[in-house]
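# An overview of the molecular structure
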Amino acid sequence: MDKYRKRIADDILDLKLKSFGATLIVGPKGCGKTTTAKQKAKSVIEFQDEDLRERYLSVAETMPSKLLIGETPRLFDEWQDAPKIWGAIRKSIDDKNESGLYILTGSSSQDVKTPHTGTTRISTLKMYPMSLYESGESNGKISLLELFNTKELDFVESNLSIDGLIFSICRGGWPWATLVPEGVALDQAFDYFDSVVNYDIQRVDKVKRSAERTKLLLRSYARNIAQQVSMATIRKDMLANDSSTLDENTVVDYIKALKKLYVIEDLPAWNPNIRSKAAIRTSDTRHFVDPSVGTAALGLGPKDLINDLQSFGLLFEDLVVRDLRVYAETLDGSLYHYRDSNGLECDAVLHRRNGSYALLEVKLGGEERIEEGAKNLKDLESKIDTERMLAPSFLAVVVGVGQYAYQRKDGVYVLPISCLKD
């Protein structure tokens, strides 16, 4: 249980510690923020250590700079319990003018306001649950970075079965769950779901909210995952099971709270320069931070999912989006989706800061679906105005059920998710 699985965030954290005085690690509860930080820290202050908590909080309230004394990088875990530490760290960085002094991690279940920003001093690193490459389900034989740099693709075999893929969706990328036997690994997602609806939703901004209404919202999200549904649609879906008054403002409030908790992370729309009069749709695509939130919300396990191919396909897309977000962090990129008024769409656009980008469609598998995805990609590529922006670096259909990675005659890659890494 003490084994540490290497994270993609490890190398990003190394770089940030070389560049900034402090690094704040954010992300959903249970994604491994503290464990990753401890791999780099040389001293640690844990504000939830019950033996030392009162002493730490007393010092943090009266003279927070005293807590900064120790070997660096110095980790402050659950720093939000002692918010004055933020200002002390900021001043220390100014005084010492050094990098790699402090790491801060904390629960996403409290929204902490600080009197000063950490701009130029405290950098933020966002962590997600593990990608399939980090948890060991992907063999990592295909690097997205290499695809950006070259057009060549070796013929690669996938070694993840459909049963393994379904289990990975239901288990999620929670680090603890990847280290325990399969019989108990699924419990992590259900425990996380119960904690969010019964506890965290109340603490995030100290607003009283209904656990039952939170469950209804998460179930509605799960039923509409990877789709561009409106607030009105989500509200209507919830009303079918909510006899009390429910308006759209309430739905928006709950969604904002769940975003603060990093439970929900919708995929924003991509707005390219195109040679078309079609209007680009700007609605977000609904997504969880991890697909296991969706299966837990619906009470589904692996046996349920294999008998429901529609839900399987949508939750698979949610898993792919999670993995691509993890990989995008190290590629200095962000993830988007595309849809226009003519119905042309692209499930994921990985757009890097240097202007390069890749267009990706997500299909569970099958030649007909792969053909459909490839056609969408080629149609969108043809509409890109390459006089005003770069042409895409590559086009790819990411599949779940497929034995091999290969390049089609039209140049489109077919990439099993179980072969990808950053």
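Structure report, in brief.

Conventions used here
- Residues numbered from 1 in each chain as written.
- Predicted model: local features only at pLDDT ≥ 70, side-chain atom pairs only at ≥ 80, totals over all residues.
- Heavy atoms only, no water.
- Pairing = 2+ DSSP bridges.
- Helix = DSSP H or I, 4+ residues; strand = E, 2+ residues; numbered from the N terminus.
- Contact = heavy atoms within 4.5 Å.
- Axes fitted to C-alpha atoms, helices over the stretch in contact; angles between N-to-C directions.
- Expected span 1.5 Å × (residues − 1).
- Buried < 20%, exposed > 50% of the residue type's maximum accessible area, 1.4 Å probe, protein only.
- Arc of directions from axis to C-beta.

Sheets are built from strands that pair by backbone hydrogen bonding, the pairs being arranged parallel or antiparallel. Read from one edge to the other, the open sheet built from seven strands follows the order 7-12-13-11-10-9-8, with strand pairing classed as mixed. Whereas interior strands pair on both sides, the edge strands pair on one side only; in this sheet they are strand 7 (156-157) and strand 8 (333-339). With two bridges joining them, strand 7 and strand 12 (residues 404-407) adopt antiparallel strand pairing. Directly across from Glu 157, in strand 12, lies its bridge partner Tyr 404. Helix-sheet contacts for helix 15 (residues 309-330) involve strand 8, strand 9 (345-352), strand 10 (357-365) and strand 11 (394-401), and the interaxial angle to strand 10 is about 150°. Running at roughly 160° to strand 10, helix 16 (residues 367-383) makes contact with strand 8, strand 9, strand 10, strand 11, strand 12 and strand 13 (413-416) of the sheet.

Between the first and last C-alpha of helix 4 (residues 84-96) there are 19 Å, a value that for 13 residues agrees with the 18 Å anticipated at 1.5 Å per step. Burial in helix 4 covers these residues: Ile 85, Trp 86, Ala 88, Ile 89, Ser 92 and Ile 93. Burial along helix 4 is one-sided: seen end-on, the buried residues are contained in an arc of 165°. Opposite the buried face of helix 4, at more than 90 degrees from it, the exposed residues are Lys 91 and Asp 95. Buried positions along helix 4 lie against strand 1 (22-26), strand 3 (74-77), strand 4 (102-105) and strand 5 (122-126).

Pairing in this open sheet of five strands is parallel, and the strands run 2-3-4-1-5 from one edge to the other. Whereas interior strands pair on both sides, the edge strands pair on one side only; in this sheet they are strand 2 (43-46) and strand 5. Between one strand axis and the next, the sheet turns through 20° on average, direction left out of account. Here helix 2 (residues 33-40) sits on the sheet in contact with strand 1, strand 2, strand 3 and strand 4, set at roughly 170° to strand 4.

Spatial relationships are all this shows, so hold off on functional conclusions.
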